[in-house]
Amino acid sequence: MGLTMGGTTALYTYTTYMQKFLKLSGRLNDKQTTLTGGSLIFALCLQPLYGALSDRIGKWLFIWFGATGTVFTIPLLHTLQATKTALATFFLISMAWVIVAGYTSINALVKAELPTRVPATGVGLPYALTVSVFGGTAESVALWFKSLGHETWFYYYLTTLIASSLIRTHCGMD
């Protein structure tokens, strides 16, 4: 669960929630918001590149995600909120994907390489629950903070989850 909560919440933030965030908070119009969705193609292209990199450096990509996500999530989301152009927004979201791909590209591999004494249910069930509880609620939590008038609290929530995953990842490194 510790390996998954930060990454899955970041993934859902930059996929399912981002366009709503850009429209409601970033003040982009519908067309601009839709154009920034092209950053998902960039994210797709990063996956095999990061996979190849993981062949060289291994699970250190998880450390990369945790460290850079902890340091840059808050400033990145603040900057995204203030950005008024689709091009700048596309660039910023693409930078977020440079970070998040450290999780998404090797997530399944890291779990597959857990010790054989951990049965498949011992990996699959906590993973499914964590994705549901953290990833599945990312948008709802963000919108709830916004409804309270404290939208930026979500930035700290996400950063805390990423930092928690970093601590868990670092403790679990071979």
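Thresholds applied
All residue numbers refer to position in the chain's written sequence, counted from 1. For this predicted model, a pLDDT threshold of at least 70 governs which residues receive local features, and a threshold of 80 or more governs which side-chain atom pairs are given and counted, while totals over whole chains, interfaces and linings are taken from all residues. Computation of side-chain values covers all heavy atoms of the structure but excludes hydrogens and water. Numbering goes from the N terminus for both helices and strands, where a helix is a DSSP run of H or I of at least four residues and a strand is a run of E of at least two. Accessible area is worked out with a 1.4 Å probe on protein chains only. A residue is then buried under 20% of its type maximum, exposed over 50%, and partly exposed in between. Contacts are assigned to residue pairs with any non-hydrogen atoms lying within 4.5 Å of each other. The method behind every accessible area is Shrake-Rupley, applied with a 1.4 Å probe, and residues are considered shielded solely by the protein chains displayed. Counting rule applied: Lys, Arg positive; Asp, Glu negative; His and chain ends not counted. Each charge is placed at NZ for Lys, CZ for Arg, CG for Asp and CD for Glu. What counts as a ring pair is set by centres within 6.5 Å for rings of Phe, Tyr and Trp (its six-membered ring), and what kind of pair is set by the plane angle: stacked under 30 degrees, edge-to-face over 60, tilted for all other angles. For this document, the term salt bridge refers to a Lys or Arg side-chain nitrogen within 4 Å of an Asp or Glu carboxyl oxygen.

1. Some points on the overall build of the chain
- The helix and strand tally for the chain stands at nine helices and zero strands.
- Walking the chain from its N terminus toward its C terminus, one meets helices and strands in the order α-α-α-α-α-α-α-α-α.
- With the principal axes as the frame, the chain shows a C-alpha extent of 50 × 35 × 25 Å.
- Counting every position in the chain, which comprises 174 residues, the buried fraction comes to 44%.
- Across the chain, every contact between residues at least 6 apart in sequence was considered, and the portion connecting residues at least 24 apart equals 84%.
- Within the structure as shown, the chain displays about 8,800 Å² of accessible surface, and the carbon and sulfur contribution to it stands at 70%.
- Of the charged side chains in the chain, 11 are positive and 6 negative; the average position of the first set lies 5 Å away from that of the second.

2. Quick notes on the packing of aromatic side chains
- Enumeration according to the criterion identifies ten aromatic pairs in this entry.
- Ring centres 5.8 Å apart and planes at 50° place the aromatic pair Y17 and F21 in the tilted group. Of the two residues, Y17 and F21 both sit in helix 1 (residues 2-24), four residues apart, roughly one turn of that helix. Here Y17 and F21 have matching classes, each one buried.

3. Focus on the pattern of salt bridges
- The tally for this structure, following the rule as stated, stands at three salt bridges.
- When the shortest N-O distance is used, the salt bridge between K20 and E139 registers 2.6 Å. Taken as a pair, K20 in helix 1 and E139 in helix 8 (residues 138-147) lie far apart in primary sequence, 119 residues in all.
- The salt bridge partner of K23 is D30, with a shortest N-O separation of 2.4 Å.
- By relative accessible area, K23 is classed as partly exposed at 41%.

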